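# Reading the structure
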Amino acid sequence: MACASCGKNKKGNGYITPKALDSPPMGATDIQVYENGSIRKFISEDWINNRHKLIIFFPEIFTPVCQSELGALPKWIESFNEQNTDVFACSTDPIMGLQDWYETEEALSDVNYRVLSSYILPTRLGVMNNGRAKRASVFISKDGDVVIQEYPLKVGRSLSEIHRMIFAYNTDSF
């Protein structure tokens, strides 16, 4: 039964564990990871259940807005980590293309977060448009709350505002 005030599903005194906390996330089985210059399959250790998750979806590699957003992300990773938040960037582009983009674009060369290639994950989260991931941010709290924010294709997102939202989740008593 859903709570009338917040819409969350409750069972007794606790929440039902949402699919968002599953590993692999949302039951996606196609996730490939680019990390530390290597490509590998997503593993359960990538998805630590007692931490918040921030998935930054971007629509396409080799585009200026995506490059500027993801180029700014390394400066925020430590602060997100202090907020108990794991950060992932995700696109539907093939993993080899993602690797090439990160290795050839100077602004992306200092990657200190995991980059995911998946079609199923953005589909299950409802952030797909014409076969591409939307420019969206998906925050999954360690308690299972899911916040999805979408942005216009030509306008990037504010990492400062995303950080403020996560800070609120860590300090708010609601």
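Everything numeric in this text was worked out from a predicted model, so none of it was measured.

### Considering the overall build of the chain
- Of the regular secondary structure elements, the chain holds five helices and eleven strands.
- Per-residue burial for the chain yields a buried fraction of 44% across its 174 residues.
- Pairs at least 24 apart in sequence give 68% of the contacts found in the chain among residues at least 6 apart.
- Put simply, the chain shows about 9100 Å² of open surface, and 51% of that area lies on carbon and sulfur atoms.

### Description of the pairing of strand 10 (residues 136–140)
- Judged by how many residues are buried, strand 10 sits mostly within the fold: five of five residues are covered.
- Of the two faces of strand 10, the one carrying Ala136, Val138 and Ile140 and the one carrying Ser137 and Phe139 are both buried.
- Sheet topology places strand 5 (residues 52–57) next to strand 10; five bridges connect them, and they run antiparallel. Across the sheet, the residue bridging to Lys53 is Ile140, located in strand 10.
- Bridge count for strand 10 against strand 11 (residues 146–150) is five bridges, and the pairing is antiparallel. Bridge pairing links Val138 to Ile148 in strand 11.
- In this antiparallel pair of consecutive strands, strand 10 and strand 11, the connection spans five residues, and Gly144 shows a positive phi of 100°.

### Comments concerning the packing of aromatic side chains
- Inspection of every chain in the model, using the stated rule, returns nine aromatic pairs.
- For the pair Phe62 and Trp101, a centre-to-centre distance of 6.1 Å together with 55° between the ring planes defines the contact as tilted. Of this pair, Phe62 sits in the loop between strand 5 and helix 1 (64–72) while Trp101 is found in helix 3 (residues 95–104), placing the two residues 39 residues apart along the sequence.
- A residue is classified by how much of its surface remains accessible, and Trp101, at 0% relative accessible area, is buried.
- Taken together, the ring pairs in this structure connect Tyr34, Phe58, Phe62, Trp101, Tyr102 and Tyr113 into an aromatic cluster.
- One Lys or Arg, Lys53, reaches over the ring of Trp47 and ends 5.0 Å from the middle of that ring.

### Re unusual backbone geometry
- The backbone of Asn84 sits at a positive phi, close to 60°, despite the residue not being glycine.
- On the secondary structure map, Asn84 appears in the loop between helix 2 (74–82) and strand 6 (85–91).

### Here's the deal with the sheet that holds strand 4 (residues 38–41)
- Here we have seven strands laid out as an open sheet, ordered 4-3-7-6-5-10-11, and mixed in their pairing. Unpaired on one side and paired on the other, strand 4 and strand 11 mark the two borders of the sheet. Each strand of the sheet is rotated relative to its neighbour by a mean of 25°, with strand direction disregarded.
- Bridge count between strand 3 (residues 32–35) and strand 7 (residues 114–117): three bridges; the pairing is antiparallel. Looking at the pairing, Gln32 lines up with Ser117 of strand 7.

Definitions and limits used
- Residues numbered from 1 in each chain as written.
- Predicted model: local features only at pLDDT ≥ 70, side-chain atom pairs only at ≥ 80, totals over all residues.
- Heavy atoms only, no water.
- Helix = DSSP H or I, 4+ residues; strand = E, 2+ residues; numbered from the N terminus.
- Buried < 20%, exposed > 50% of the residue type's maximum accessible area, 1.4 Å probe, protein only.
- Contact = heavy atoms within 4.5 Å.
- Areas by Shrake-Rupley, 256 points an atom, 1.4 Å probe, with all protein chains shown as cover.
- Pairing = 2+ DSSP bridges.
- Phe/Tyr/Trp six-rings, centres within 6.5 Å; stacked < 30°, edge-to-face > 60°.
- Lys NZ or Arg CZ within 6 Å of the ring centre and 35° of its normal.
- Axes fitted to C-alpha atoms, helices over the stretch in contact; angles between N-to-C directions.

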